[in-house]
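Coordinates in review
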Amino acid sequence: MAYETIIVEARGKVGLITLNRPKALNALNSEVLAEVVAAVNGFCANADIGAMVITGSEKAFAAGADIKEMQAISFADAYAQDFFVGWEEFTRARKPVIAAVAGYALGGGCELAMMCDFIIAADNAKFGQPEITLGVMPGMGGSQRLTRFVGKSKAMDMCLTGRMMDAAEAERCGLVSRVVPAGELIDEALKAAAKIADFSLPSVMMAKEAVNRAYETTLAEGLRFERRLFHSLFALDDQKEGMAAFAEKRKPNFANR
Ligand code: CO8
């Protein structure tokens, strides 16, 4: 598939998706949505790929949903089309997706980063939910996911004032997993993704599924779910190989990756 708004590359076992609408600071319009979802689905179906990285430019991961595209939309159309419901498909990716965020991650850009499995931020990253300044509110998960990441008080602060937080604050409050110098962002994200892609894919996918389940269920059900998945991994040769390699002080050679 030829892409207009993103660049899609395989870097070894890692699928790299780069948002590429520099003139609009990677604002997320319908075309970006369709292309990102197609690229992610393509990588998920590709047995040579074990993990993905999604990134933007040094200035902007994404400065939000495309305001100019949204501007004239009516309530009837937004509701009837369930405007932007398509991003839910992005969250159904079963292989891990890392967001590598430099510059602005605002509105839908912050929400897209939060749809990924974890966020690695450059030291120049700025996160925010500025929709309130446009007379609206978060609509791609910001009010829900940000609250789960950082708690009610800070989520309210971000959603009600529209202020931005820098990378250090984002790391302090648990929005991002690590902060790296801007010049090293892509290498660090690719390195993390390559490391994941080298593990046994079923165990990676199950670990992702189990962590995500924590958001959807009670502790008792989540623990049972985790235990059943854990048990099931003993059906794979990869468990035998991983544990034998540890005992023999060598690197494991997983069959399923
Ligand atoms: N949409 C469309 N175009 C944008 C956007 C955007 N979100 N952000 C920037 N651009 C465009 C600008 O219009 C400008 O284009 P042009 O050169 O043609 O005028 C170009 O990108 C460069 O932008 P600036 O000149 O503004 O660059 P600055 O460096 O001066 O400022 C900022 C950078 C601070 C990031 C500024 O561009 C900005 O504030 N952007 C808007 C941020 C924002 O409000 N984002 C939230 C959007 S709303 C949203 O995401 C809702 C999500 C939920 C939708 C779900 C619906 C159901």
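We now turn to the structure provided with this report. Since this is a predicted model, take the numbers as computed values, not measurements.

Okay, the overall build of the protein chain next. What the protein chain contains, in helices and strands, is twelve helices and ten strands. Compactness check: the protein chain gives a C-alpha radius of gyration of 19 Å against a globular reference of 18 Å for 257 residues, within 12% of the reference. The dimensions of the protein chain, computed from C-alpha atoms along their principal axes, are 60 × 45 × 40 Å. Within the protein chain, the proportion of its 257 residues that are buried is 42%. Expressed as a percentage of contacts within the protein chain between residues at least 6 apart in sequence, the contacts between residues at least 24 apart total 67%. For the protein chain, the computed accessible surface area is about 13,500 Å², with 57% contributed by carbon and sulfur atoms. Where the 29 positive side-chain charges of the protein chain centre and where its 32 negative ones centre are 6 Å apart.

Taken together, 24 residues are adjacent to the ligand, and Lys 59, Ala 63, Ala 65, Lys 68 and Gly 108 come closest. Lys 23 has a polar backbone atom sitting 3.2 Å from an oxygen atom of the ligand. Here Lys 59 contributes a side-chain N or O atom positioned 2.7 Å from an oxygen atom of the ligand. When isolated, the ligand has an accessible area of 1,100 Å², and the protein chains bury 65% of it. Of the residues forming the shell around the ligand, the biggest block, three residues, is contributed by helix 2 (residues 67–70). Per-class residue counts for the shell around the ligand are 14 nonpolar, four polar and six charged.

Thresholds applied
- Residues numbered from 1 in each chain as written.
- Predicted model: local features only at pLDDT ≥ 70, side-chain atom pairs only at ≥ 80, totals over all residues.
- Heavy atoms only, no water.
- Helix = DSSP H or I, 4+ residues; strand = E, 2+ residues; numbered from the N terminus.
- Rg over C-alpha atoms; globule rule 2.2 N^0.38 Å.
- Buried < 20%, exposed > 50% of the residue type's maximum accessible area, 1.4 Å probe, protein only.
- Contact = heavy atoms within 4.5 Å.
- Areas by Shrake-Rupley, 256 points an atom, 1.4 Å probe, with all protein chains shown as cover.
- Lys, Arg positive; Asp, Glu negative; His and termini not counted.
- Charge placed at Lys NZ, Arg CZ, Asp CG, Glu CD.
- Near = heavy atom within 4 Å.
- Polar contact = N/O pair within 3.5 Å; in protein donor to acceptor, adjacent residues only side chain to side chain.
- Nonpolar A, V, L, I, M, F, W, Y, C, P; charged D, E, K, R; others polar.

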